[in-house]
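If you want the building blocks of each chain, they are given just below.
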Amino acid sequence: MNTLTAPMPATRRQSIRHPRLRLYAREARAEILRAWRTPAFVVPTLAMPFGFYLLFGILLGHANPGMAVYTLATYGVLAALGPGLFGFGAGIAADRDAGILSLKRVSPLPAGAFLFARLAAALVFTLTVLLGLYALAVFGAGVVLPAGSWLKLLVVHLASVVPFCLLGLCIGLRIGGSAAMALTNILFFSLAVLGGLWMPLSIFPIWLQHVSVALPTYHLGALALQASGGGTSGGSVQHALVVAAFTAVCAAIAWRSWARAEV
Amino acid sequence: MKTSSLPLVIDAQRVSRRFGAVQALSDVTLGIEAGRITALLGPNGAGKTSFVNLVLGRGRPDSGSLSTLGAAPGSALAREGSGVMLQSAALAPQLCLREHLELHAGYYAQPLAVDDVLARLDLTKLSNRRYGALSGGQQRRLQLAIAICGKPRLLVLDEPTLALDSESRRLCWAVIRELADAGTAVLLTTHLLDEAQSLADRVVLLAGGKIVADATPDALRARVAEQQIRCRSGVTIAEASRLPAVLDAGRDADHLSIRSSDAAATLRALFTLDPRLSELEVARASLEDALDHLLQKEAA
């Protein structure tokens, strides 16, 4: 027996005992590290929601306390849109082009661990931005909400990551790297602006408002506004159902794409 | 080539695969044994990549049967026992060598010690460097490290030493040989015939999706009777062409080159013609000559 035939000695104490969970945790850690070490991903993902909130929620909305809450709710959804779309859409397409995904798929890594790791990275980034946004809202804009509202808001914002990740996955598995980046950018801005995340829909022409109602960002924004105590048209069940339907369609397409992807 | 008594790690029986109008593999029956290095050779489009992809579960045969490590290719069982180095697969540029290796070692039940693998491939000093900051050769060595870190029963290597300098290439060959000697089945595709000659126990030559030859490198070379004679001589090309058993002749500066089907007969006549010839070299057909010969024969 030599160095290449002797197995790894079990000297290190493993913090997670279950091998499957340990594998998922390691993969997630690696994915989070990768994302943190990619300035082209980190800077816009973190800076955009903070910057917009500083500008529209605090500086321009200083005389309008409602604006601080409105933008807190909608920019929280925006905070989930970036990591979901870019991490999965452009990220997976780039990994496919580089052959990184090919190597993962022929390795013993379960597909679930790969997807979980990506989702974990998106959630960590979103949570980081959300905590910053909430701090800005409280200490910068003086937003005061009941604890229950904060909790509901956090749940809606974090849950927003899932449909955007699945939408990104559909793009990443079907389109090449540079085209995926272009499409992701277009989708990001379209979903953000037309979904009413950047500015209230009431400033749009009526026909554009009809388009907005078809977008998941509109419904997630509406759910976030309701969680923060703001009022919107339509019940929360209706908004949640639309988001759930969108998520299910994306999941079905992503599942099919994963099974068929020649990587 | 007759199969040995070694256990089969890959068992392909009459496997065919078509892509549109292209018949990538046609009725291929091939067993890859434990403890041996099998080189899959052939021109571009011969079917090498198609076969490797099927072995890895990246696609299914249209007909025939194929098992990898006794299981369906691409199944969890097959993947857990395999180490793979793909020619076109990169790694995440943001992670360090050690991070990559620890991550991939964690996919396997009984991986090798990461420090040992790093040391064996001369990567210890680079272990904290990010993949994106490595040279092409260093990246290939890490990819090999990742392929072997799970102590695989099957090692699939696609052009493993392309872009490596000769020292790194020899290091990789030694590591691959070490694993094969310990019982790992190695399936190797390469365009570097010196690699196949030096490393492989067995060469399988594919052309047009079919197996054209299957033998040891020496046996393949022996199939080609011709030999190459080279010497310093004043004999002209015309004179040399008339010598017995000469297939063709040529000159560069003071040196005469002759391809002969019977070197002894040619040399006897050559010495008679020019007793003062010097710097004589006689070489057997190379593996490249042998493969060219076999491919030409197949094409004819």
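Residues numbered from 1 in each chain as written. Chains lettered and ligands numbered in written order. Predicted model: local features only at pLDDT ≥ 70, side-chain atom pairs only at ≥ 80, totals over all residues. Heavy atoms only, no water.

Draft legend 1. Representation of the sheet that holds strand S6 (residues 154-158) of chain B in the model. Residue and element names in this part refer to chain B. Sheet architecture is open: six strands sit in the order S5-S6-S7-S3-S8-S9, paired in mixed fashion. Two strands bound the open sheet, and with one partner strand each, they are strand S5 (82-85) and strand S9 (210-215). Direction aside, neighbouring strands of the sheet carry axes that sit 15° apart on average. With four bridges connecting them, S5 and S6 associate as parallel partners. Each bridged residue has a counterpart across the sheet, and for Ser82 the counterpart in S6 is Leu154. Across the sheet, helix H5 (residues 136-148) touches S5 and S6, and the angle it forms with S5 is around 165°. Each of strand S3 (37-41), S6 and strand S7 (185-189) is contacted by helix H6 (residues 166-181), which is oriented at about 125° to S3, the strand it contacts most. (Pairing = 2+ DSSP bridges. Helix = DSSP H or I, 4+ residues; strand = E, 2+ residues; numbered from the N terminus. Axes fitted to C-alpha atoms, helices over the stretch in contact; angles between N-to-C directions. Contact = heavy atoms within 4.5 Å.)

Draft legend 2. Quick look at empty space enclosed by the protein. Going through the model one piece at a time under the given rule, you end up with four cavities of 30 Å³ or more. Reported here for the largest cavity is a volume of approximately 100 Å³. Around the largest cavity sit 14 residues that line it, and Ile100(A), Lys104(A), Ala92(B), His100(B) and Leu103(B) are the ones nearest its centre. When contributions to the lining of the largest cavity are tallied by element, the ones reaching two or more residues are helix H1 (19-36) and helix H4 (100-106) of chain A together with helix H3 (97-105) of chain B. For the lining of the largest cavity, the per-class residue count stands at eight nonpolar, two polar and four charged. Quantified by volume, the second largest cavity comes out at close to 70 Å³. (1 Å grid on protein atoms, 1.4 Å probe; cavity = no way out; pocket = protein on both sides within 12 Å on 5 of 7 lines; lining within 4 Å. Points joined across faces, edges and corners; volume = space filled by probe spheres on them. Nonpolar A, V, L, I, M, F, W, Y, C, P; charged D, E, K, R; others polar.)

Draft legend 3. How the structure looks around the interface of chain B and chain A. Listed per partner, the contact involves 37 residues of chain B and 29 residues of chain A. Both faces combined, the contact of chain B with chain A buries some 3000 Å², and carbon together with sulfur accounts for 62% of it. Looking at the side of chain B facing chain A, the largest losses of area belong to Arg79(B), Gln94(B) and Tyr107(B), adding up to 22% of the total buried there. A salt bridge links Glu99(B) to Arg37(A), with the nearest nitrogen and oxygen atoms 2.8 Å apart. (Buried area = accessible area lost by both parts, 1.4 Å probe. Salt bridge = Lys/Arg side-chain N within 4 Å of Asp/Glu carboxyl O.)

Draft legend 4. Representation of the nonpolar core in the model. Leu72(A) and Phe51(B) are the most contacted members of the largest nonpolar core, which has 150 residues in total. Per-element tally for this core: the top contributor is helix H3 (residues 65-98) of chain A, with 16 residues. When near neighbours in sequence (up to four residues on either side) are disregarded, Phe51(B) contacts Ile10(B), Ala12(B), Leu25(B), Val28(B), Leu30(B), Leu40(B) and Leu187(B). (Core = buried A, V, L, I, M, F, W, Y, C linked by side-chain atoms within 4.5 Å. Buried < 20%, exposed > 50% of the residue type's maximum accessible area, 1.4 Å probe, protein only.)

Draft legend 5. Structural view of the packing of H3(A) against helix H7 (residues 161-174) of chain A. Residue and element names in this part refer to chain A. One can describe the packing of H3 onto H7 by two numbers: an axis separation of 7 Å at closest approach and a directional angle of 20°. Judged on the interaxial angle alone, H7 and H3 are roughly parallel. Both H3 and H7 take part in a crossing whose hand is right-handed. Where H3 approaches H7, its residues Val77, Ala80, Leu81, Gly84, Leu85, Phe88, Gly89, Ile92, Ala93 and Arg96 are matched on the opposing element by Val161, Phe164, Cys165, Leu167, Gly168, Leu169, Ile171, Gly172, Leu173 and Arg174. Grouping the amino acids of the contact of H3 with H7 by side-chain chemistry returns 14 nonpolar, four polar and two charged. (Parallel < 35°, antiparallel > 145°, perpendicular 65-115°, else oblique. Left-handed = near helix turned anticlockwise from the far one by under 90°.)

Draft legend 6. Inspection of the packing of H3(B) against H5(B) at higher detail. All names here are of chain B. Between H3 and H5, the shortest axis-to-axis distance is 9 Å and the interhelical angle comes to 20°. Considered as vectors, H3 and H5 are oriented roughly parallel to each other. Crossing hand, H3 versus H5: right-handed. Contacts between H3 and H5 involve Leu97, His100, Leu101 and His104 on the former and, on the latter, Leu142, Ala145 and Ile146. Residues belonging to the contact of H3 with H5 are distributed by class as follows: five nonpolar, two polar and no charged.

Draft legend 7. Region of the structure containing the packing of aromatic side chains. Residue and element names in this part refer to chain A. Under the counting rule described, the total for this entry stands at twelve aromatic pairs over all chains. Clustering of aromatic rings is evident, with ring pairs tying together Phe52, Tyr53, Phe56, Tyr75, Phe86, Phe188, Phe189 and Trp198. Above the face of the Trp258 ring, Arg105 is positioned so that its terminal group lies 4.4 Å from the ring centre. (Phe/Tyr/Trp six-rings, centres within 6.5 Å; stacked < 30°, edge-to-face > 60°. Lys NZ or Arg CZ within 6 Å of the ring centre and 35° of its normal.)

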